[in-house]
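# Topology and contacts: notes
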Amino acid sequence: MSSWSLRNKVALITGGSKGIGKATVEEFLALGARVIFTARQEADIRELEALFKDKGHDLLGVVSDVAVSGDREKLGELIRKRYGHLDILVNNAGINIRKKAGEYSEEEYMRILRINLIAPFELSRQLYPLLEKGDQPSIINVASVAARFDVRTGTPYGMSKAGLLQQTRNLAVEWAAAGIRVNAVSPWFTVTPLTSGLLEQKDRMGPVLDVTPMKRVAQPGEVASVIAFLAMDKASYITGQNITIDGGMSVSAF
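Residue positions within a chain follow its written sequence, with the count starting from 1. The model is predicted, so local features are restricted to residues of pLDDT at least 70 and side-chain atom pairs to those at 80 or more, both for listing and for counting; the totals for chains, interfaces and linings are taken over all residues. To get the side-chain values, take all heavy atoms of the structure and skip hydrogens and water.

### Describing the overall build of the protein chain
- Helix and strand definitions follow DSSP, with helices as H or I runs of at least four residues and strands as E runs of at least two, each counted in order from the N terminus. Within the protein chain one finds 8 helices and 7 strands.
- Along the first, second and third principal axes, the C-alpha set of the protein chain runs to 50 × 40 × 40 Å.
- Going through the 254 residues of the protein chain one by one, you find that 50% of them count as buried.
- Taking the intrachain contacts of the protein chain between residues at least 6 apart in sequence as the baseline, contacts between residues at least 24 apart amount to 73%. Under the scheme applied here, a residue whose accessible area is under 20% of the maximum for its type counts as buried, over 50% as exposed, and between as partly exposed, the area being computed with a 1.4 Å probe on protein chains only. We call two residues in contact when some of their heavy atoms are within 4.5 Å.

So this is what it looks like as structure tokens:
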């Protein structure tokens, strides 16, 4: 019987140096996984690596922009040479630019779509041969409650995350025959660098807490633990699903 563990699982976590990504790296290492994570800034990578340098973990940070095809190819080649397979892919890297719909330049909204939606699709496709060789392989896409609700994050962000949920469902069906599970998580407001500015604005956060029954925002580790469960063999019959992590917001009528 499988255990509550990720021992010896090979995992790639994109955007792994901060926020939910960093918490997921920490959670996976605690559960025994061998982790590769990406970030765009080398200083961020070295800082996280230093936290685990003397703890015996198998951790490697890679400077990579998942929206760049060449960087994705290098990632795939690195994993192939280092491990020969991949068990878990966490598509976490994402960005947002908050504006009214008419104020975006084409480059701005296309950048959001490229990083949040197109990059996970391209990376998943590229790593498919390595995942196919994995042990009960799994993909977890980090979406958002903005995929289902207008939460004032800007239209392109909501579009990208809604597309990511449909990507999750379609690939779950198509790749089930290869034994690859594909799921998503949709966090509500979470303490991350992406939301730090908003969390400091009491006029913006008041309404958020008002519609959240638990009356607080999420901590990154609370999202990471759900990602870890979906990556485990314990979740072996779960695919094509989206788990909303929102303190009850989406089920509250008031």
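### Observations regarding the packing of aromatic side chains
- Any pair of Phe, Tyr and Trp rings, taking the six-membered ring for Trp, is counted once the centres come within 6.5 Å. Such a pair is stacked with planes under 30 degrees apart, edge-to-face with planes over 60 apart, and tilted for the rest. Going through the model one piece at a time under the given rule, you end up with 3 aromatic pairs.
- Seen from their ring centres, Trp4 and Phe229 are 5.9 Å apart, and the 25 degrees between their planes marks the pair as stacked. Highlighted residues: Trp4 in the segment before strand S1 (10-13) and Phe229 in helix H8 (residues 220-231), separated in sequence by 225 residues.
- Looking at Trp4, the relative accessible area reads 58%, which means it is exposed.

### Quick word on the environment of Ser3
- Relative to the helices and strands, Ser3 is located in the segment before S1.
- Since its relative accessible area comes to 43%, Ser3 is described here as partly exposed.
- Note: C-alpha distance between Ser3 and Ala224 (221 residues apart in sequence) is 18 Å.

### Looking at helix H4 (residues 106-132)
- In this model, H4 (27 residues) spans 37 Å end to end at C-alpha, consistent with the 39 Å of a helix rising 1.5 Å per residue.
- At any given residue, the bend is defined as the angle formed between two axes, one fitted to the seven residues that end at that position and one fitted to the seven that begin there. At Gln126, H4 is bent by approximately 45 degrees, the largest bend along its length, and proline Pro129 sits one to four residues beyond.
- Elements that come into contact with the buried residues of H4 comprise S1, helix H3 (69-82), strand S4 (88-91), strand S5 (138-142) and helix H5 (155-174). An expected span of 1.5 Å times one less than the residue number is assigned to each helix.

### Regarding the sheet that holds strand S3 (residues 59-63)
- Any two strands between which DSSP finds at least two bridges are classified as paired. Across the sheet, which stays open at both edges, the 7 strands sit in the order S3-S2-S1-S4-S5-S6-S7 with parallel pairing between neighbours. Each edge of the sheet is formed by a strand with only one pairing partner; in this case those strands are S3 and strand S7 (242-245). The average undirected angle you get between the axes of adjacent strands in this sheet is 15 degrees.
- Pairing of S1 with S4, which is carried by 3 bridges, proceeds in the parallel orientation. Within S4, the position partnered with Ile13 by the bridge is Val90. An axis is simply a line fitted to the C-alpha atoms; with a helix, the fit covers only the stretch in contact. Between two such axes, the angle follows the N-to-C directions and lies from 0 to 180 degrees.

### Let's talk about the layout of surface pockets
- Put plainly, a pocket is an open set of points on a 1 Å grid over the protein atoms alone with protein on both sides within 12 Å along at least five of seven lines, a cavity is a set where a 1.4 Å probe fits but cannot get out, and a lining residue has an atom within 4 Å of a point. Grid points are joined across faces, edges and corners, and a volume is the space filled by probe spheres set on the points. Space inside the second largest pocket adds up to approximately 230 Å³.
- Every residue lining the second largest pocket is counted, 12 residues in all, and those nearest its centre are Val151, Arg152, Trp188, Pro207 and Val208.
- A per-element tally of the lining of the second largest pocket places helix H7 (residues 202-210) first, with 4 residues.
- When the residues that make up the lining of the second largest pocket are grouped by side-chain class, the tally is 9 nonpolar, no polar and 3 charged. Amino acids are sorted into nonpolar (Ala, Val, Leu, Ile, Met, Phe, Trp, Tyr, Cys and Pro), charged (Asp, Glu, Lys and Arg) and polar (every other residue, Gly among them).

### Describing the pairing of S4
- Residues of S4 alternate between two faces, with Ile88 and Val90 on one and Leu89 and Asn91 on the opposite face, all of them buried.
- Pairing of S4 with S5, which is carried by 4 bridges, proceeds in the parallel orientation. Each bridged residue has a counterpart across the sheet, and for Asn91 the counterpart in S5 is Asn141.
- Convention used here: a crossover is right-handed provided that the path from the first strand, over the helix, to the second strand proceeds clockwise when the strands point away from the viewer. In this view, the connection linking S4 to its parallel neighbour S5 by way of H4 has right-handed handedness.

### Here's the deal with the environment of Ala184
- Counting through the fold element by element, Ala184 comes out in strand S6 (residues 181-187).
- Residue Ala184 is classed as buried on the basis of its relative accessible area, which comes to 0%.
- As for Ala184 and Ala235, which are separated by 51 residues in sequence, their C-alpha atoms are 13 Å apart.
- With sequence-adjacent residues up to four places away left out, Ala184 is seen in contact with Asn141, Leu165, Thr168, Leu230, Gln241, Asn242 and Ile243.

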